[in-house]
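Tertiary structure, described
As a plain string of letters, each chain reads:
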Amino acid sequence: MPKQTSNGSMSNEDALKLNARYISSSRVSAYQAYGLDFVQGRREGVRIWDLDGNSFINCRSSGGVFNFGHRPQFAIDALKAALDEIDMGDWLLLSPYRALAARALAEILPGDLQYTFFTASGAEAAECAVKLARGLTRRPGIVCLENGYHGHVGFGLAMDDEIYNQWYRPLTPGITRVPMNDVDAVDRAIDDSTAVVCMETIPATAGYIVPPDGYFERIREICNNRGALLMLDEVQCGMGRTGKFWAADHWKVVPDLLMFGKSTSGGIYPISGCCYSEKVENFLKADPIFHPSSYSGAEPGTVVVCEVIKKLTEPGFLDHVNNMSRKFKLGFDDLCARFPDKLVEHRGLGLMLALETHSEEQGFALMRQAVAHRILAVYANNRRSSLLIMPPLIISSDEVDEVLSGLEASVKAMKA
Ligand SMILES: Cc1ncc(COP(=O)(O)O)c(C=O)c1O
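Residues numbered from 1 in each chain as written. Predicted model: local features only at pLDDT ≥ 70, side-chain atom pairs only at ≥ 80, totals over all residues. Heavy atoms only, no water.

1. Here's the deal with the packing of helix 3 (residues 73-83) against helix 11 (residues 299-312)
Contact pair helix 3 / helix 11: the axes reach a minimum separation of 9 Å and the direction vectors enclose 150°. One way to sum up the angle between helix 3 and helix 11 is to call them roughly antiparallel. Crossing of helix 3 against helix 11: the hand is right-handed. In this structure, helix 3 uses Phe74, Ala75, Ala78, Leu79, Ala82 and Leu83 to contact helix 11, whose residues at the interface are Pro300, Val303, Val304, Glu307, Val308 and Lys311. Its residues placed into classes, the contact of helix 3 with helix 11 shows 10 nonpolar, no polar and 2 charged. (Axes fitted to C-alpha atoms, helices over the stretch in contact; angles between N-to-C directions. Helix = DSSP H or I, 4+ residues; strand = E, 2+ residues; numbered from the N terminus. Parallel < 35°, antiparallel > 145°, perpendicular 65-115°, else oblique. Left-handed = near helix turned anticlockwise from the far one by under 90°. Contact = heavy atoms within 4.5 Å. Nonpolar A, V, L, I, M, F, W, Y, C, P; charged D, E, K, R; others polar.)

2. Some remarks on the packing of helix 12 (residues 317-338) against helix 14 (residues 397-413)
With their axes 10 Å apart at the nearest point, helix 12 and helix 14 run at an angle of 20° to one another. One finds that helix 12 runs roughly parallel with respect to helix 14. For the element pair helix 12 and helix 14, the recorded crossing hand is right-handed. In contact with Met324, Lys327, Phe328, Gly331, Phe332, Leu335 and Arg338 of helix 12, helix 14 contributes Ser397, Val400, Asp401, Val403, Leu404, Leu407, Glu408 and Lys412. Each residue belonging to the contact of helix 12 with helix 14 can be placed in one class, and the counts come to 8 nonpolar, 2 polar and 5 charged.

3. Section: empty space enclosed by the protein
In this approach, a probe sized like a water molecule rolls over the atoms, and the result shows the empty space that is left. Scanning all chains against the criterion turns up 1 cavity of 30 Å³ or more. Estimated volume of the largest cavity: approximately 40 Å³. Contributing to the lining of the largest cavity are Leu145, Met180, Asn181, Met199, Glu200, Thr201, Pro203, Ile209, Pro211 and Tyr215. When grouped by side-chain class, the residues that make up the lining of the largest cavity number 7 nonpolar, 2 polar and 1 charged. (1 Å grid on protein atoms, 1.4 Å probe; cavity = no way out; pocket = protein on both sides within 12 Å on 5 of 7 lines; lining within 4 Å. Points joined across faces, edges and corners; volume = space filled by probe spheres on them.)

4. Examining the domain arrangement of the chain
The parts lose accessible area when they come together, and the size of an interface is often stated as this lost area. Assigned domains of the chain: these are domain 1 (12-71 + 315-413) and domain 2 (73-312). In this structure, domain 1 and domain 2 have C-alpha centres spaced 26 Å apart. Across the domain 1 to domain 2 interface the summed buried area is about 2,600 Å²; carbon plus sulfur atoms make up 62%. On the domain 1 side of the contact with domain 2, Phe68, Met352 and Asn382 bury the most area, a combined 29% of that side's loss. Between domain 1 and domain 2 we count 0 salt bridges in total. (Domains from an automatic or database assignment. Buried area = accessible area lost by both parts, 1.4 Å probe. Salt bridge = Lys/Arg side-chain N within 4 Å of Asp/Glu carboxyl O.)

In structure tokens form, the structure reads like this:
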């Protein structure tokens, strides 16, 4: 077994060859073309190292999986202690651990969201949420956003942008896509057959486009008037990422269904889920075991969820996120003012931030330069002119300075 540490026996080159041989040679070639031609090794806090010992500040965080940094001790300790007592548990049987994690979530969820069904990935959470919506309303229709992303399975894949699903058709029917931030389009798209309006509260793969004030108020009202449910995907933007527990809290909107994932894992045990209100729970009278799945609600994951929520609710935690956000924004104001030929603007909430260049080519160039300057950040796949900056929420003030100076060097090194 090779030692996969920065000073271990395997180099980037060896590991790339091994990946090309046994994982996918096409994938390795594609990554080489993107400048991501290294292999992840040691990781700690906000940093990861490649197998040759080069370190990067992780401003990708796997889309929010590493909100608490890499290998957070509080989560590791809780998971190790849990493994002395429990295994995954039987999905069919009731579990105290699942109920405790669901209660911890209920304490921070918006409005009357109370129940949780735990899943093993964000995509599976989308499956469950849509099943609940269709089951409750007995309607087939789903209205979702253009350029959205909800995972690569079933309903989620069908709702995603066509660049993700073009090879896998026919997709599940009943989907209507509408442009972002267009209330009238949602209004027109909903009819008597609409079960649910599903959207990311802040569309992530679309480049962290923040909805305007008043938007969700009107969407909520339209759903209420037309008997459709509102489902918000907070897999990326939830759990403190935007400086509040949930992005929905910025507008005080209460959805009927809310998906979470990524950061609830603490980066160490995959767990996600969907939360729902009493109204939605009523459907389980008809089908109490609506989503049998062996790994759903695995108990070690629910233990991690409780610890993650404890961390998130510690006094000062969200203040830190907001302080680091302000520091980034000041730095980005300065970069945008000094390099107007390369940067158009920056946007985002909390530590979900995007730098907008003038073109896809510039977005790609900025990503390559950032990686070359040891800042791991990628462009938004559905808006490639945007570089996404999503560091762990525990990033320190000094580390923000390091990211800003790395980005400044990256912007300077880009061709206009
Ligand atoms: C907003 C959003 N929803 C859902 C998903 C799917 O989550 P997973 O990759 O855990 O299936 C993702 C993944 O990137 C996401 O960003």
